[in-house]
Amino acid sequence: MAEIYEGALDKGLEGVVACSTAVSSIMDVTLCYRGYTIEDIAENSTFEETTYLLWNDKLPTKNELADFNREINTYATLDPQLVNILKTIPSKNVHPMAWLRTAVSLAAHFDNEAQDNSPEANKRKGLRLLAKMGSLVTAFENIRNDKPVINPRNEKSLAWNFLYMMTGKEPDAELVKVFDMCLILHADHELNCSAFATRVTASSLSDMYSAIVSAIGALKGPLHGGANEQVMLMLKKIGTLEKAKAFVKDALANKEKVMGFGHRVYKNGDPRAAILRKMSQLLTQRMGEPHWYEMSAMMDDVVQAEKGLLPNVDFYSATVYYSMGIPIDLYTPIFAVSRISGWVAHAFEQYANNRIYRPRGHWIGRQGLKYTSIENRK
Ligand code: COA
């Protein structure tokens, strides 16, 4: 039996095509959402419109978008009973992603359609999850700081409401625009680890909430969404521009990973990093702390020269979020606030054309052992 699978073994599934998808595509350095380039969408769209596109395979008309926004607004406020329970779960000394994983799981208990796997119910659940993700993350921020949980405002975008609920202050229009663009850039990315986790769970015909909780768990790791937080912690640890070059050289010499670099699919550069790099330069300058960008750019040059690796989406998003005053440990939860859009799109696609994921493992353990009673064991 071993020989059958040995040749097919591909550690990390590199190069394995696990499903057909029409949600987003990566071809060399081009990322497209439903056929539109990320540059086009980031420049011209909004996060809500992008999500509509990812879920419906078409850009919405004015009326369709207005209806979509209205539904999001309807679902964005958290049930007060859920908020009361959330206040009782530990929020200090826990990672926000661990808290979010629990919170989304709890939110399922407040959804009467949680077990209904019909396409109509799944669409409504997708909308509820999209609408509530930012409300949950900002509720966490307020609860852990012993502040009241703030409800979202009607008629406002998800980006506007996130910044408002996080700070309690009406956000600056330019910051909202930047944040909205960050949400667009992170919305989907073909068959990444958390999208795959979504699809694997959905493929057993488990419910949407379970699929999304799986995705949050996958995104949390430092090799996936957790990298953006690690990038900022690394920059803070390095501290000054003068130390950046030596830090990178030492890390590479010690075979350590420099967070925010490398990618399984992009070998010639991540198009999202190019957009975020410009935003990082502009925003760090505007906040009067350009050294964060300068350090990043220097590290970018050194990693490229020494190892031939290019920055991924997480590298420059770290300094973008930092210059917006967002707490560092919320960077990965913000990734979830955006990526819920793609996860739900992947769940829809999986449910619509399902076959359970069940790969094989290549056996490398012992064989033919005989049971020994506990008295006779050494
Ligand atoms: N820093 C230093 N070296 C890196 C590296 C990084 N960030 N990313 C990859 N490498 C090196 C590996 O050590 C390996 O080197 P070797 O051939 O000398 O052993 C080689 O590049 C191939 O890397 P590998 O880990 O096999 O790539 P992968 O496709 O399995 O993993 C990532 C892809 C993204 C997980 C990986 O690049 C990584 O860990 N990056 C840092 C975390 C990160 O930024 N994640 C966010 C992804 S969007």
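See the structure printed just above.
Below is a summary of the structure that appears in this document. From a predicted model like this one, the values you see are computed outputs, not experimental measurements. (Residues numbered from 1 in each chain as written. Predicted model: local features only at pLDDT ≥ 70, side-chain atom pairs only at ≥ 80, totals over all residues. Heavy atoms only, no water.)

**Some thoughts on the overall build of the protein**
Stage number 1. Check the secondary structure of the protein and you find 17 helices and three strands.
Stage number 2. Expected size for 378 residues packed as a compact globule is a radius of gyration near 21 Å; at 22 Å, the protein falls within 12% of this value.
Stage number 3. Residues counted as buried form 51% of the 378 residues belonging to the protein.
Stage number 4. Within the protein, contacts between residues separated by at least 24 positions form 75% of all contacts whose residues are at least 6 apart in sequence.
Stage number 5. A total accessible area of about 18800 Å² is found for the protein, and carbon and sulfur atoms account for 52% of it.
Stage number 6. In the protein, 43 side chains carry a positive charge and 43 a negative one; their mean positions are 6 Å apart. (Helix = DSSP H or I, 4+ residues; strand = E, 2+ residues; numbered from the N terminus. Rg over C-alpha atoms; globule rule 2.2 N^0.38 Å. Buried < 20%, exposed > 50% of the residue type's maximum accessible area, 1.4 Å probe, protein only. Contact = heavy atoms within 4.5 Å. Areas by Shrake-Rupley, 256 points an atom, 1.4 Å probe, with all protein chains shown as cover. Lys, Arg positive; Asp, Glu negative; His and termini not counted. Charge placed at Lys NZ, Arg CZ, Asp CG, Glu CD.)

**Brief notes about helix 5 (residues 80-88)**
Stage number 1. The set of residues buried in helix 5 consists of Leu-82, Val-83 and Leu-86. Burial along helix 5 is one-sided: seen end-on, the buried residues are contained in an arc of 100°. When the buried face of helix 5 is taken as reference, the exposed residues oriented beyond 90 degrees from it are Pro-80, Gln-81 and Thr-88.
Stage number 2. Structurally, helix 5 contributes buried residues whose contacts are with helix 6 (96-108) and helix 7 (119-144). (Arc of directions from axis to C-beta.)

**Regarding the sheet that holds strand 3 (residues 36-37)**
Note on sheets: strands pair through backbone hydrogen bonds, and any given pair is parallel or antiparallel.
Stage number 1. Taken together, the three strands give an open sheet; going across it, the order is 1-2-3, and neighbouring strands pair in antiparallel fashion. Of all strands in the sheet, those bounded by a partner on one side alone are strand 1 (24-27) and strand 3. (Pairing = 2+ DSSP bridges.)

**Considering the side chain of Asn-228**
Stage number 1. Along the chain, Asn-228 turns up in helix 12 (residues 227-238).
Stage number 2. Given a relative accessible area of 0%, Asn-228 falls into the buried group.

**So, the site of the ligand**
Stage number 1. Contacts to the ligand come from 18 residues, most closely from Lys-257, Val-258, Gly-260, Phe-261 and Arg-264.
Stage number 2. Contacts to the ligand include Leu-223, whose backbone N or O atom sits 3.0 Å from a nitrogen atom.
Stage number 3. Between Gly-260 and the ligand, the recorded distance is 2.8 Å, taken from a backbone N or O atom to an oxygen atom. (Near = heavy atom within 4 Å. Polar contact = N/O pair within 3.5 Å; in protein donor to acceptor, adjacent residues only side chain to side chain.)

**What about the nonpolar core?**
Side chains that are nonpolar tend, in soluble globular proteins, to be buried together.
Stage number 1. By size, the foremost hydrophobic cluster in this structure holds 113 residues, and its most contacted members are Phe-179 and Ile-212.
Stage number 2. For this core, the element with the most residues is helix 17 (residues 331-352), which contributes twelve residues.
Stage number 3. Other than its neighbours up to four places away in sequence, Ile-212 contacts Val-104, Leu-129, Met-133, Thr-198, Ile-340, Trp-343 and Val-344. (Core = buried A, V, L, I, M, F, W, Y, C linked by side-chain atoms within 4.5 Å.)

**Re the pairing of strand 1**
Across a regular strand the side chains alternate sides, sitting on one face of the sheet and then on the other.
Stage number 1. Here strand 1 shows a clear split, with Ser-24 and Ile-26 buried on one side and none of Ser-25 and Met-27 buried on the other.
Stage number 2. Looking at chain direction, strand 1 and strand 2 (residues 30-33) are connected through four bridges and run antiparallel. For Ser-24, the partnering residue across the bridge sits in strand 2 and is Tyr-33.
Stage number 3. In sequence, strand 1 turns back onto strand 2 through a hairpin of two residues, with Asp-28 there showing a positive phi of about 55°.

**Section: the packing of aromatic side chains**
Stage number 1. According to the stated counting rule, one finds twelve aromatic pairs in the structure shown.
Stage number 2. Relative to Tyr-357, the ring of Phe-196 has its centre 5.3 Å away and its plane inclined at 80°; by these criteria the two rings are edge-to-face. Of this pair, Phe-196 sits in helix 10 (residues 193-203) while Tyr-357 is found in the segment after helix 17, placing the two residues 161 residues apart along the sequence.
Stage number 3. One aromatic cluster in this structure is built from Tyr-52, Trp-55, Phe-68 and Phe-348.
Stage number 4. Taking NZ or CZ as reference, Arg-153 lies 4.6 Å from the ring centre of Tyr-164, over its face.
Stage number 5. Directly above the aromatic system of Trp-160 lies the positively charged group of Lys-156, at a separation of 4.7 Å from the ring centroid. (Phe/Tyr/Trp six-rings, centres within 6.5 Å; stacked < 30°, edge-to-face > 60°. Lys NZ or Arg CZ within 6 Å of the ring centre and 35° of its normal.)

**Quick look at the environment of Ile-143**
Stage number 1. Note on placement: Ile-143 falls in helix 7.
Stage number 2. Considering only alpha carbons, one finds Ile-143 and Ser-91, 52 residues apart in sequence, at a separation of 7.1 Å.
Stage number 3. The residues touching Ile-143, leaving out its near neighbours within four places in the chain, are Leu-86, Lys-87, Ser-91, Trp-99 and Val-149.

**Comments concerning helix 10**
Stage number 1. Across the eleven residues that make up helix 10, a large majority, eight, are buried.
Stage number 2. Of all the positions in helix 10, only Ser-194, Ala-195, Ala-197, Thr-198, Arg-199, Thr-201, Ala-202 and Ser-203 are classed as buried.
Stage number 3. Looking at the buried side of helix 10, the elements it contacts are helix 11 (208-219) and helix 17.

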